[in-house]
Amino acid sequence: MPRVRRRAECGGPHPSRRPAARPLRGPAGPDCPAAPPSGRPSRRPTAAPGTGARAARDAGLRGASFLGLSPVHALFESDRTKISPYSPSSRLFLETLFIEPGALPGFAGSRAEAMLAKARTRVDALRDAALVDHAGIWEVLSPVLRAYWEDSDARSGADAAFDAFREAGGEDLRSHATFEALSAHFKAEGAHWLGDWPEEYRRAGTQAVSAFAEEHAEEVAYHAFLQFLADRQLAQAAEAALDSGMRLGLYRDLAVGADRGGSEVWSHPERFAGHVSIGAPPDLLAPKGQDWGLPAFDPLAMERDGLAAFRADPRWRTLAPTEVRPWTDDYVNLFGALIRSMSGRG
């Protein structure tokens, strides 16, 4: 789970707090059932509480009313040099780098656990590093998660919870998972960002993209599975926060925009003004103003589609219940405060 910022407010349980989702969970430690001899995660495994759930519980027991998280938006699995949570690939989905393998159901005794154990020296070095090495962490974590998927019931179609998650995620989840599969595919061919892809793959919904998704259905399913794991762990942390007595529970920072080359814009380019970007007016810090390079929503398109972009916003998603707030209080009144400047101009 991500590093958390503790913002405590005294107060006990609130009788009207909303119920939390019920993620897969169970006791931690040696009493957890191990995977069957085949190494496949069992059909009814239990999961040890992860770091996020423990942090939330500890804060709640100490009187905190809420616990704030920096943005946990999905970044770029195929480009771990892009690390800013305020310029994500998509605000609709979660960052898979935060998945904690040791807290996954059925991880104990699995082939994936054995792989992680062999990388212990590298893990210790990454943990002791002065700065977070996103690429290094993913080099260790990615094959572990891949092994976990390969031995899972979800891959064989026998995990009803995963099937329900994909159904609830709908076209947005399918598009995001397809984007991740395409990114990995084209990276292997030397095309490291969306602008290097063949034209027919540069937006969702084309015949070429649909054919790719069908041909690489398992790879698309794998990336949806990673979202399933991340969502379940965030839900577990959210539930732990409320169960500890917090009045509000977790809240997540919401970035004001998404990267032009990410899955959110790729999935629905019609929702964004192509040559307009979000910025800020002149001030003492930046006398000429700021251009953040993040595409702005097209207000006419939003009117035509009934504010679909905002209805898809994570603050209204219920798969992992958390409160959501904009990036900074200066931009709560988003429509009135955003300054839009033509791309390439001051």
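Treat the numbers as computed from the prediction; the structure is a model and nothing was measured.

About the criteria used
Residues numbered from 1 in each chain as written. Predicted model: local features only at pLDDT ≥ 70, side-chain atom pairs only at ≥ 80, totals over all residues. Heavy atoms only, no water. Buried < 20%, exposed > 50% of the residue type's maximum accessible area, 1.4 Å probe, protein only. Helix = DSSP H or I, 4+ residues; strand = E, 2+ residues; numbered from the N terminus. Pairing = 2+ DSSP bridges. Core = buried A, V, L, I, M, F, W, Y, C linked by side-chain atoms within 4.5 Å. Contact = heavy atoms within 4.5 Å. Expected span 1.5 Å × (residues − 1). Salt bridge = Lys/Arg side-chain N within 4 Å of Asp/Glu carboxyl O. Axes fitted to C-alpha atoms, helices over the stretch in contact; angles between N-to-C directions. Parallel < 35°, antiparallel > 145°, perpendicular 65-115°, else oblique. Left-handed = near helix turned anticlockwise from the far one by under 90°. Nonpolar A, V, L, I, M, F, W, Y, C, P; charged D, E, K, R; others polar. Phe/Tyr/Trp six-rings, centres within 6.5 Å; stacked < 30°, edge-to-face > 60°. Lys NZ or Arg CZ within 6 Å of the ring centre and 35° of its normal.

Draft legend 1. Representation of the pairing of strand β6 (residues 272-280). Among the 9 residues of β6, 7 are classified as buried, and the element is accordingly described as predominantly covered. Pairing between β6 and strand β7 (residues 290-297): 5 bridges, direction antiparallel. Bridge pairing in β7 places Phe272 opposite Phe297.

Draft legend 2. Summary view of the nonpolar core. Grouped together as the largest cluster of nonpolar side chains are 60 residues, with contacts concentrated most on Leu145, Leu182, Trp197, Phe225, Leu229, Leu250 and Trp266. Once residues lying within four places of it in the same chain are set aside, the contact partners of Leu182 are Trp197, Tyr201, Val209, Phe212 and Trp266.

Draft legend 3. Region of interest: the pairing of strand β2 (residues 66-69). The alternating pattern of β2 places Phe66 and Gly68 and Leu67 and Leu69 on opposite faces, both of which are buried. The sheet contact formed by β2 and strand β5 (residues 249-254) spans 4 bridges and is parallel. If you follow Leu67 over to β5, its bridge partner there is Leu250.

Draft legend 4. How the structure looks around helix α8 (residues 217-243). Its 27 residues place the ends of α8 38 Å apart at the C-alpha level, agreeing with the 39 Å of an ideal helix rising 1.5 Å per residue. In terms of burial, α8 is largely enclosed, as 22 of its 27 residues are buried.

Draft legend 5. Highlighting the pattern of salt bridges. Under the criterion given, the structure shown has 14 salt bridges. Across the pair Arg111 and Glu150 runs a salt bridge, and its minimum N-O distance is 2.9 Å. Residue Arg111 is located in helix α2 (residues 111-118), and its partner Glu150 is located in helix α4 (residues 134-150); the two are separated by 39 residues in the primary sequence. Arg111 gets classed as partly exposed once you look at its relative accessible area, which sits at 37%. The closest approach of N and O atoms between Arg146 and Glu219, which form a salt bridge, is 2.9 Å. Of this pair, Arg146 sits in helix α4 while Glu219 sits in helix α8, and the two are 73 residues apart along the sequence. On the basis of relative accessibility, which here comes to 26%, the residue Arg146 falls in the partly exposed class. A cluster of three or more residues bridged by salt bridges with shared partners is formed by Arg111, Glu150 and Asp151.

Draft legend 6. Region of the structure containing the environment of Trp138. Looking at the secondary structure, you find Trp138 in helix α4. What makes Trp138 buried here is its relative accessible area of 10%. The contacts of Trp138, once residues within four sequence positions are left out, are Glu77, Arg80, Thr96, Leu97, Pro143, Leu145 and Leu226.

Draft legend 7. How the structure looks around the packing of helix α1 (residues 51-61) against α8. Viewed as axis vectors pointing N to C, α1 and α8 meet at an angle of 15 degrees, and their least axial separation amounts to 8 Å. Between α1 and α8, the interaxial angle falls into the category roughly parallel. In the crossing of α1 with α8, the sense of the turn from one axis to the other is right-handed. Residue-level inspection shows Gly52, Ala53, Ala56 and Arg57 of α1 in contact with α8, the latter providing Gln236, Ala237, Ala240 and Ala241. Across the contact of α1 with α8, the residue classes break down as 5 nonpolar, 2 polar and 1 charged.

Draft legend 8. Quick peek at unusual backbone geometry. We note that Leu307 has phi near 60 degrees; this positive angle belongs to a residue other than glycine. Relative to the helices and strands, Leu307 resides in the loop between α10 (299-304) and α11 (308-311).

Draft legend 9. Summary view of the packing of helix α6 (residues 160-188) against helix α7 (residues 207-215). Axis separation between α6 and α7 bottoms out at 10 Å; the angle between their running directions is 85 degrees. Judged on the interaxial angle alone, α7 and α6 are roughly perpendicular. Taking contact as the criterion, the partners of Thr178, Ala181, Leu182 and His185 in α6 are, on α7, Val209, Phe212 and Ala213. The residue inventory of the contact of α6 with α7, partitioned by class, reads 5 nonpolar, 2 polar and no charged.

Draft legend 10. Structural view of the packing of aromatic side chains. Considering all chains together, one arrives at 15 aromatic pairs under this definition. Put simply, the rings of Phe107, Tyr148, Trp149, Phe162, Phe165, Tyr222, Phe225 and Phe228 pair up and form one aromatic cluster. The side chain of Lys82 reaches across the aromatic face of Phe76, ending 4.2 Å from its centre. We note Arg146 situated over the ring of Tyr222; from NZ or CZ to the ring centre the distance is 3.8 Å.

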